[in-house]
Amino acid sequence: VISRVRESFKIELPLRAVFETQTIAGLAARVNQALGGEPEISSAPIEKLARAGKLPLSFAQQRLWFLDQLSPGGSAYNIPRIVRITGRINEQALERTLGEICRRHESLRTNFVMVDGEATQVIHPAGDFALEQLDFSGLDEASREAAAKASIRERVGRPFDLAKDKLLRCSLLKISDAERVLMILMHHIISDGWSMEVFLRELATLYAAYCEDRQSPFDELPIQYADFARWQREWLSGERLDRQMTYWSQRLAGAPATLNLPMDRPRPVVQASESEIRKFTLPAELRERLVALSRDEGATLYMTLLAGYKALLYRYSGQEDVVVGTPIANRNRREIENLIGFFVNMLVLRTDLGGAPSFRELIRRVKETALGAYAHQDLPFEKLVEELQPERDLSYTPFFQATFVLQNASQAKLSLPGMRVEVPDHEGSQAKFDLTLTMFDTEQGLAGTLEYNRHLFDAATIDRLIWHFVNLSEGAVADPDGRIGDLLLLTPAEERMMLVEWNDTRAPFPEELCLHQLFEQCAARRPEAIAVVLGDRQMSYGELNARANQLAHYIMAQGVGPEVVVGLCVERSPEMLVGLLGIMKAGGAYLPLDSTYPPERLSYMLEDAAVKHLVTQQNLLAGLPGSQGRAICLDTEWGDISRSSAENPASVVTPENLAYVIYTSGSTGRPKGTMLRHRGLSNMSEAQVAAYGVEPHDRVSQFSSLSFDASIFDIAMALRSGAALHLIPRDATLSAPTLAALLREQAVTNVALPPSVLSLLPEEALPALRTIIVGGEACPADLAHRWAPGRRFFNSYGPTETTVCASGAECVADGRNPTIGKPIINVKIHLLDAGLQPVPMGAPGELSIGGEGITRGYLGRPDLTAEKLTPDPFGAEPGGRLYRTGDLARYLPGGDIDFLGRIDHQVKLRGFRIELGEIEAG
């Protein structure tokens, strides 16, 4: 009964303490309640059956056998135990001991073969045991240990043939006359952790007896593992199986297939399993407070630690539905307590962390989850997988990839007569899961190990995760009623690094000047220089400035000034620049209107922005329905416009005024007018100069439609620096060969293109090209590999709401996916969770951007403005705001930002991550 109670409720306290806090009757009632009102385990004994006929595998064995057939030759399920022995050893007694253990336990002399299309156990007769002996004592002292360790690693990694090999291997390694190492290796299909302790306990007892020439003190075992396997299959059937399956199918309906932890490397198509272990301890005072909190909530320490682990995984993954596996010894019958065999079962613990629960509330949820799971623990995990048939993927385990273990019982102390014996932990085994957190509740306090798959994670990542688990645990006991999303994860040093040091982007920029004024300076210095090119047409800086001035004076006389939105619908031509600069010089904000847009969309934008002035061309006027504004046609009215002054108008605009309003489709499909200030444009243009080094003799392409904010990126880069802006005709934007020919003929030196367009161009045909900027889409590694050598290659990122560009990285051809780098000057980027708390390095967080380029808001949409622009909780200056992009990213060591995709537009296919970004009309 006591064994059953301990197993069902993961009681880690001594049983005496349990009975001091609960009456026997109360505890019995709780057990009965948790078990659904009736015991699941029959009291009838397991019978010892004849060995005639085929012997079935247990459910657990069947799954391991199937995995071995699917991927033979692996060592992920090898269980090693290393015993260091100092003193004189009786090798004859040791061999006799090992032989007797094999005689006692049929599982140690069992193979697994296919008979008539069915996996079957084949039990071999007992015989003498031949102990492999290796001698390293002849090597010099410095080489012995290294050679012995290498030999152990090789043997631990050596696969078993389940049909032919002995599934227990023992080797005795002689280090010196006084020191030896005994390596015990079993395949998991015949053993588990409990079984290894049984093996060591019998080894100590039998060895002591045989050294004194005594007989074995053990009684014969009442049953063997094969008897349990047959009983299990007969017992777990019919109504009993249905009852268990009903619970688990309801509990796991709709559970996520994976836990999206931030990994340092992509998950292999087939799960790789080499692991490493990091150790840590929790302070004694923290343990006592965890125990006290557990007691207050009527929970066990196991439940409280599991709640902390789940809170950590929630904060790292951003998932509110967190599934964790936990092993259970499954030794709930007296007959099997001392058997060596594969009994351990895995339980699936699914907890809802939604609704911003407090840590105290999370303990209650985890407690409910654990009690329900242990009340239905008799269904083997393998049977659960077989019955529910979750989506299978060879790259990860079904249902869960993270596990939790609390060891509250010390391992067997191996004592051999006349010798000092140590049983150290074996490190560098095979990881069966992505992460396994094991806590040890010892007399000295709580110790922990975090085993991780080294094919997925770096040691530094795991070290940070451990620190954050400790920090979170400290915060949880300090304020158990606080929301788990608010619990402090980062150390003060980490927080300062992420929030302050990586965002220390302060740099001077022409904050008193607007883009058109910076353009005027270039025109004054080199009026004869070519400003804009379209095919055979060219316009100098002097001419472009004069024409823009004439338009500015003309429309100012008609009421255009600061904060007045002016529609701009002009064909791709030098006149497009005349219109844009003229509107800015007049103080207005241009609203780009693409004549190829559907009339309904154009009409909506004109009406929504209440446009009263429209700069266009006569042939486009008919395609602009619904405009109530005054149309100024640059072609038919140029005679009147040209009579206006060609001098720069007196400045009536400040950097805080609107520079342009641009409509994006938005996630709802309803276009929204985003308002951008001159200040952000001036800062972006300064960042371009600093990053790209554009020179007056450069030739910069202009690829995007004016209705995409990428267009002002090209325009600012050229006209701020005195370079020539080469407009790409529409037909060339739709044809890669035509575009390549144009770039080659015009010897374009600087391009800004979407990665999908750049990927279609032949790099060898563009010898003049020396600076490439990609953005708007995820940039694959092969693109940088093709284009970066011999050129400067930049990957940029920035939503419309941040004035085109918020961050960038110069990329090299190193085979890695390009990051989006670091924030540009006077811009800061925070990666935050749903509670606006900074996420740990490597964890996904929402890109939240502040600084000079942030939008003023959405035209006529105060509700949307309030939703997307939040007060900056980390800002030093009052009134600062953050734009919440809806994009996911993670910090890499050093501060570079790795873009992950849209929060609500991520679709997972087997072996791939598909990212669906926002697609704007046009």
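Summarised in this report is the structure supplied together with it. (Residues numbered from 1 in each chain as written. Predicted model: local features only at pLDDT ≥ 70, side-chain atom pairs only at ≥ 80, totals over all residues. Heavy atoms only, no water.)

1. Observations regarding the packing of helix H9 (residues 238-251) against helix H13 (residues 381-388)
Here is the rule we go by: Simply put, an axis is a line fit to the C-alpha atoms, just over the touching stretch for a helix, and the angle between two N-to-C directions goes from 0 to 180 degrees. For helices the rule is a DSSP run of H or I covering at least 4 residues; for strands it is a run of E covering at least 2, with both sets numbered from the N terminus onward. When describing relative orientation, an angle under 35 degrees is termed roughly parallel and one over 145 degrees roughly antiparallel, while 65 to 115 degrees is termed roughly perpendicular and anything else oblique. Note on contacts: a residue pair is in contact if any heavy atoms of the two residues lie within 4.5 Å. Just so you know the grouping, Ala, Val, Leu, Ile, Met, Phe, Trp, Tyr, Cys and Pro go in nonpolar, Asp, Glu, Lys and Arg go in charged, and all remaining residues, Gly too, go in polar.
Viewed as axis vectors pointing N to C, H9 and H13 meet at an angle of 75 degrees, and their least axial separation amounts to 11 Å. Considering their axes alone, H9 and H13 lie roughly perpendicular with respect to each other. Residue-level inspection shows Leu 241, Met 245, Trp 248 and Ser 249 of H9 in contact with H13, the latter providing Lys 383, Leu 384, Glu 387 and Leu 388. Residues that form the contact of H9 with H13 fall into these classes: five nonpolar, one polar and two charged.

2. Some points on the packing of aromatic side chains
To keep things clear, this is the line we draw: Each pair of aromatic rings taken from Phe, Tyr and Trp, with Trp reduced to its six-membered ring, is defined by centres within 6.5 Å and is described as stacked if the planes are under 30 degrees apart, edge-to-face if over 60, and tilted in the remaining cases. Partly exposed residues are those whose accessible area sits between 20% and 50% of the maximum for their type, while under 20% is buried and over 50% is exposed, using a 1.4 Å probe and protein chains only. When the NZ atom of lysine or the CZ atom of arginine is within 6 Å of a ring's centre and also within 35 degrees of its normal, the charge is said to sit over that ring.
Summed over all chains, the structure comprises 20 aromatic pairs. Summarising the aromatic geometry, the rings of Tyr 604 and Tyr 663 are spaced 6.4 Å apart at their centres and angled 85 degrees between planes, so their arrangement reads as edge-to-face. With a gap of 59 residues between them, Tyr 604 in helix H19 (residues 599-608) and Tyr 663 in strand S20 (residues 658-664) connect regions that are remote in the sequence. Classification of Tyr 663 by relative accessible area gives buried; the value is 3%. Taken together, Tyr 225, Phe 228, Trp 231, Trp 235 and Phe 343 form an aromatic cluster joined through their ring pairs. The ring of Phe 59 is capped by Arg 233, whose NZ or CZ atom sits 4.4 Å from the centre of that ring.

3. Things to note about helix H16 (residues 515-525)
In an α-helix there are 3.6 residues to a turn, and that puts residues three or four apart on one side. With eight of 11 residues buried, H16 is to be regarded as a mostly interior element. When H16 is considered as a whole, its buried residues turn out to be Leu 515, His 516, Gln 517, Leu 518, Phe 519, Glu 520, Cys 522 and Ala 523. Each element contacted by the buried residues of H16 is listed here: helix H17 (541-556), helix H18 (574-586), helix H22 (678-692) and helix H23 (710-719).

4. Here we look at the sheet that holds strand S5 (residues 168-176)
Rules: Think of it this way: DSSP has to see at least two bridges between two strands before they count as a pair.
Ordered by their spatial adjacency, five strands build an open sheet running S4-S5-S6-S1-S11, and the pairing between neighbours is mixed. For this open sheet the edge positions go to strand S4 (132-135) and strand S11 (420-422), each flanked by a neighbour on one side alone. Each strand axis lies, on average, 20 degrees off the axis of its neighbour in the sheet, ignoring direction. Of the pairings in the sheet, the one linking strand S1 (residues 78-86) to S11 comprises three bridges and is antiparallel in character. Considered in S11, the bridge of Arg 84 is made with Glu 422. Strands in contact with helix H5 (residues 91-104) are S4, S5 and strand S6 (179-187); relative to S5, the strand with the most contacts, it is inclined by about 165 degrees.

5. Quick word on the pattern of salt bridges
Operational definition: Think of a salt bridge as a Lys or Arg side-chain nitrogen and an Asp or Glu carboxyl oxygen that are within 4 Å of each other.
The tally for this structure, following the rule as stated, stands at 58 salt bridges. For the salt bridge of Asp 192 with Arg 331, the shortest nitrogen-to-oxygen distance reads 3.1 Å. With Asp 192 in the loop between S6 and helix H7 (193-211) and Arg 331 in the loop between strand S8 (321-328) and strand S9 (345-352), the pair connects residues that are 139 residues apart, well separated along the chain. Arg 243 is the salt-bridge partner of Glu 239, the closest N and O atoms lying 3.6 Å from each other. Here Glu 239 pairs with Arg 243, and both are found in helix H9, just four residues apart, close to one helical turn. Arg 243 sits in the partly exposed class, given a relative accessible area of 30%. The network of salt bridges with common partners includes Glu 511, Glu 656, Arg 677, Arg 679 and Glu 852.

6. Overview of the state of the cysteines
Selection criterion: Cysteine sulfur atoms that come within 2.5 Å of each other are treated as a disulfide pair.
All told, the structure shown has zero disulfides when counted by the stated rule. Free of any disulfide, Cys 569 has its nearest neighbouring cysteine sulfur in Cys 633, separated by 10 Å. You can call Cys 569 buried: its relative accessible area is 0%. Here Cys 805 is not disulfide-linked; the sulfur of Cys 811 is the nearest cysteine sulfur, at 12 Å. Looking at Cys 805, the relative accessible area reads 5%, which means it is buried.

7. A short note on the packing of H22 against H23
Here is the rule we go by: Left-handed is the label given to a crossing in which the near helix is rotated counterclockwise from the far helix by less than a right angle, and right-handed is the label when the rotation is clockwise.
Contact pair H22 / H23: the axes reach a minimum separation of 9 Å and the direction vectors enclose 65 degrees. As for how H22 packs across H23, the hand of that crossing is right-handed. Taken together, the residues of H23 that come into contact with H22 (itself represented by Leu 681, Met 684, Ser 685, Gln 688 and Tyr 692) are Ile 712, Phe 713, Ala 716 and Met 717. For the contact of H22 with H23, a count of residues per class yields seven nonpolar, two polar and no charged.

8. Observations concerning a nonpolar patch on the surface
To keep things clear, this is the line we draw: Residues enter patches when their relative accessible area tops 30% and they take part in no salt bridge; the joining distance is 9 Å for like charges and 5 Å for the nonpolar side chains Val, Leu, Ile, Met, Phe, Trp and Tyr. For every accessible area listed, the method is Shrake-Rupley and the probe measures 1.4 Å; residues are considered covered only by the protein chains on display.
On the surface, a cluster of nonpolar side chains totalling about 500 Å² of accessible area is made up of Phe 66, Leu 70, Val 269, Val 270 and Leu 394. Checked against the element boundaries, Phe 66 lands in helix H4 (residues 59-70). Given the relative accessible area of 45%, Phe 66 is considered partly exposed.

9. Remarks on unusual backbone geometry
For residues besides glycine, phi is generally negative; the peptide bonds are generally trans as well. One non-glycine residue, Ala 356, lies in positive phi territory at about 50 degrees. You can call Ala 356 partly exposed: its relative accessible area is 39%. Phi angles above zero are rare outside glycine, and Val 804 is one such case at about 75 degrees. Mapped onto the fold, Val 804 is located in the loop between strand S26 (792-797) and strand S27 (807-811). Under the relative-accessibility criterion, Val 804 is labelled buried at 10%.

10. Thoughts on the pairing of strand S18 (residues 613-616)
Residues His 613 and Val 615 of S18 are buried on one face, and the alternating residues Leu 614 and Thr 616, pointing to the opposite face, are buried as well. Of the pairings in the sheet, the one linking strand S16 (residues 565-569) to S18 comprises four bridges and is parallel in character. Its bridge partner being in S18, Gly 567 is matched across the sheet by Leu 614.

11. Some words on the environment of Thr 505
Test applied: Polar contact is defined as a pair of N or O atoms within 3.5 Å, subject to the rule that within protein one atom must be able to donate a hydrogen and the other to accept it, and that residues adjacent in sequence are counted only when both atoms are side-chain atoms.
By secondary structure assignment, the location of Thr 505 is in the loop between helix H15 (492-499) and H16. Distance from Thr 505 to Leu 534, taken between C-alpha atoms, is 37 Å for residues 29 residues apart in sequence. Ignoring any residue separated from it by four or fewer positions in sequence, one finds Thr 505 in contact with Pro 823, Ile 824, Ile 825, Asn 826 and Val 827. Looking at Thr 505, its side chain comes within polar contact range of the main-chain oxygen of Val 827, at 2.8 Å.

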